[in-house]
Amino acid sequence: MARICVFCETWESGGIEAFLCNAICHMDLAGLEIDIVAARLRESIFTPALKERGVRFLPLSGSTRKLAENHRRFSALLAQRQYDVVHLNAYQALSLCYLALAQKAGVPVRIAHSHNTELRKSPGRPLKLALHRWARRAYGDVMTHRWACSASAARFLFGDIPEWTFIPNGIDVERFRFDPAARARVRGELGLEGKLVIGNVGRLCYQKNQTFLLDVLKAVQQRCPESALLLVGEGEDRPALREKAKKLGLEKAAIFYGLSDHVEELFWAMDVFVMPSRFEGLPVTAVEAQCAGLPCLFADTLTREVRLGEAVRYLPLTAPAGEWAEALLTAEVRRDRATGAEAVREAGFDISGVSRRIEEFYLKGGEG
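Residues numbered from 1 in each chain as written. Predicted model: local features only at pLDDT ≥ 70, side-chain atom pairs only at ≥ 80, totals over all residues. Heavy atoms only, no water.

S.K.: Now, about the overall build of the chain: what can you tell me, with residues and values included?
M.R.: Helices and strands together make up the secondary structure of the chain, namely 15 helices and 13 strands. For a compact globule of 368 residues, the expected C-alpha radius of gyration is about 21 Å, and the chain comes in at 21 Å, within 12% of that figure. Considering only C-alpha atoms, the chain reaches an extent of 60 × 45 × 35 Å along its principal axes. The 368 residues of the chain split such that 55% are buried. Put simply, of all contacts in the chain between residues at least 6 apart along the chain, 72% involve residues at least 24 apart. Split by element, the accessible area of the chain, about 15,900 Å² in all, is 50% carbon and sulfur. (Helix = DSSP H or I, 4+ residues; strand = E, 2+ residues; numbered from the N terminus. Rg over C-alpha atoms; globule rule 2.2 N^0.38 Å. Buried < 20%, exposed > 50% of the residue type's maximum accessible area, 1.4 Å probe, protein only. Contact = heavy atoms within 4.5 Å. Areas by Shrake-Rupley, 256 points an atom, 1.4 Å probe, with all protein chains shown as cover.)

S.K.: I'd like a rundown of the pairing of strand β8 (residues 196–201), residues and numbers included.
M.R.: Of all 6 residues in β8, 6 are buried, a share of seventy percent or more. By the alternation rule, side chains of β8 split into L196, I198 and N200 and V197, G199 and V201, which are all buried. With helix α9 (residues 210–223) bridging β8 and the parallel strand β9 (residues 227–232), this β-α-β connection has right-handed handedness. (Right-handed = clockwise from strand over helix to strand, strands pointing away.)

S.K.: Summarise the sheet that holds strand β11 (residues 272–275); cite the residues concerned and give the values.
M.R.: In space, the 6 strands of this open sheet follow the order β10-β9-β8-β11-β12-β13, with parallel pairing throughout. Strand pairing shows two members of the sheet lacking a second neighbour, β10 (254–258) and β13 (312–315), which therefore form its edges. Strand after strand, the sheet turns through a mean of 25° between neighbouring axes, direction not considered. Direction of pairing for β8 relative to β9: parallel, over a ladder of 6 bridges. Each bridged residue has a counterpart across the sheet, and for G199 the counterpart in β9 is L230. Contacts from α9 reach β8, β9, β10 and β11 within the one sheet, and its direction differs from that of β9 by about 165°. (Pairing = 2+ DSSP bridges. Axes fitted to C-alpha atoms, helices over the stretch in contact; angles between N-to-C directions.)

S.K.: Explain the pairing of strand β6 (residues 145–148) residue by residue, including any values.
M.R.: Summarising the sheet, strand β5 (residues 109–114) and β6 pair through 4 bridges and their orientation is parallel. What sits directly across from S114, in β6, is A148. Handedness of the β5-helix α5 (residues 125–138)-β6 crossover: right-handed. Sheet topology note: the β6/strand β7 (residues 165–166) ladder contains 2 bridges and is parallel. What sits directly across from W147, in β7, is T165. At this point the chain moves from β6, through helix α6 (residues 151–158), to the parallel β7, and the crossover so formed is right-handed.

S.K.: Which residues make up the environment of L129, and what values do they have?
M.R.: Along the polypeptide, L129 turns up in helix α5. Apart from residues no more than four positions distant in its own chain, L129 is found in contact with E118 and L119.

S.K.: Break down the packing of aromatic side chains for me, with residues and values.
M.R.: One pass over the full model with this rule turns up 11 aromatic pairs. Centre to centre, the rings of W134 and Y139 are 5.9 Å apart; their planes meet at 80°, and the pair counts as edge-to-face. Aromatic ring contacts, followed pair by pair, group F7, F74 and Y98 into a single cluster. Sitting over the ring of Y314, R304 keeps its end group 4.0 Å from the ring centre. (Phe/Tyr/Trp six-rings, centres within 6.5 Å; stacked < 30°, edge-to-face > 60°. Lys NZ or Arg CZ within 6 Å of the ring centre and 35° of its normal.)

S.K.: With reference to specific residues and values, describe the environment of K244.
M.R.: Structurally, K244 is set in helix α10 (residues 238–247). Looking at K244, the relative accessible area reads 21%, which means it is partly exposed. For the pair K244 and T211, spaced 33 residues apart in the sequence, the C-alpha separation amounts to 7.8 Å. Apart from residues lying up to four places away in sequence, K244 is in contact with T211, L214 and D215.

S.K.: Quick rundown of the side chain of E288? Include the residues and the values.
M.R.: Of note, E288 is situated in helix α12 (residues 284–291). It turns out E288 is buried and unbridged, and the closest side chain with the opposite charge, R175, is 5.5 Å from it. In contact with E288, other than residues within four places in its own chain, are I171, F176 and F267. (Lys, Arg positive; Asp, Glu negative; His and termini not counted. Salt bridge = Lys/Arg side-chain N within 4 Å of Asp/Glu carboxyl O.)

S.K.: Go over helix α3 (residues 67–81) with me, naming the residues and quoting the values.
M.R.: The end-to-end C-alpha distance of α3, which contains 15 residues, comes to 21 Å, matching closely the 21 Å that a straight helix rising 1.5 Å per residue would cover. Listed in full, the buried residues belonging to α3 are N70, F74, L77, L78 and R81. Projected onto a plane normal to the axis of α3, the buried residues spread over an arc of 100° and lie on a single side. Residues A68, R72, A79 and Q80 are exposed on α3 and point more than 90 degrees away from its buried face. Looking at the buried residues of α3, the elements they touch are β1 (2–11), β2 (32–41), β3 (56–59), β4 (85–90) and α4 (97–104). Phi turns positive one or two residues past the end of α3, at Q82, with a value near 55°. (Expected span 1.5 Å × (residues − 1). Arc of directions from axis to C-beta.)

As far as function goes, none of this settles anything; it's purely spatial.
Take a look at the structure:
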């Protein structure tokens with residue numbers, strides 16, 4: 001049995017967790033023993049499926065701020081479990097210190113997997129960026145393999161080092177293939193019949209920039225009163241977003257759906273998918289939306305590697321809400337939305353292939 005540590009500083013219901021759940025659930029685990037280790041474990045819609053597959057969840061201190069305790073607990077875990085592979089899923093370079101501990105413990109395969117391209121805005125952001133750049137240099141040699149979901153994510157975590165491996169953020173293509181009957185049912189349940197439904201799936205937070213989407217919805221409603229915004233996700237910005245929707249008179253038009261374990265049906269209920277994120281690695285939801293056959297409008301902060309077909313348009317965040325509204329109102333709807341699944345598969349984002357590749361890498365000790 002190959003013993004694998006999949007490490008995340010925080011485990012919750014985000015894009016990294018979605019990718020890992022997709023990948024692990026499509027692996028043959030007969031020869032693998034997988035632990036998901038996190039400094040902080042939160043409730044996640046992805047946890048039950050992984051536990052059913054025999055994946056163990058091992059928390060450290062319960063806080064990302066208790067660095068000394070996290071390091072002590074992780075070192076003890078490394079000594080106890082004797083992992084063959086540590087697969088670190090990182091959104092900033094300070095977490096590379098866990099690979100340094102793995103190197104010290106003699107773990108032979110140490111993967112740094114970059115999923116992000118920026119740090120969120122906060123009062124401490126300049127200091128955090130300085131620490132990120134310092135850690136990128138200090139821990140530059142602790143990994144045996146460098147993986148990233150996009151070129152921009154690779155640059156963010158690894159700097160100008162050219163040697164890295166592209167790992168697509170794959171999805172279950174057949175799960176997201178368009179289903180017209182389910183679309184009609186969900187739109188009926190949500191009272192969306194006859195409406196233009198603008199969709200967004202992601203954490204409600206500064207990075208995802210849903211506050212701008214409310215401005216876009218207001219501009220859309222001036223031309224198309226029968227329109228709605230379907231926001232799928234939870235996050236710290238929810239109260240502020242609800243308050244802004246109220247101030248703009250959008251209480252009935254902005255639907256705060258929350259988390260969902262049947263997100264594919266919500267994609268099918270949408271008419272256009274809009275993602276005005278301030279920064280991203282390569283968002284899984286952008287792949288899922290295209291698989292569901294949706295025309296997509298992305299901020300130009302998103303990597304071009306996420307464009308998997310022709311029904312994608314990029315706009316700068318500096319463009320006014322009215323320009324975004326015009327772009328989504330004139331977006332060309334795919335006649336046969338089911339063909340979106342084929343475009344995603346042909347682009348290499350089918351999770352079955354990505355999962356098999358990672359599984360073989362784990363089993364072969366980094367030689368795959």
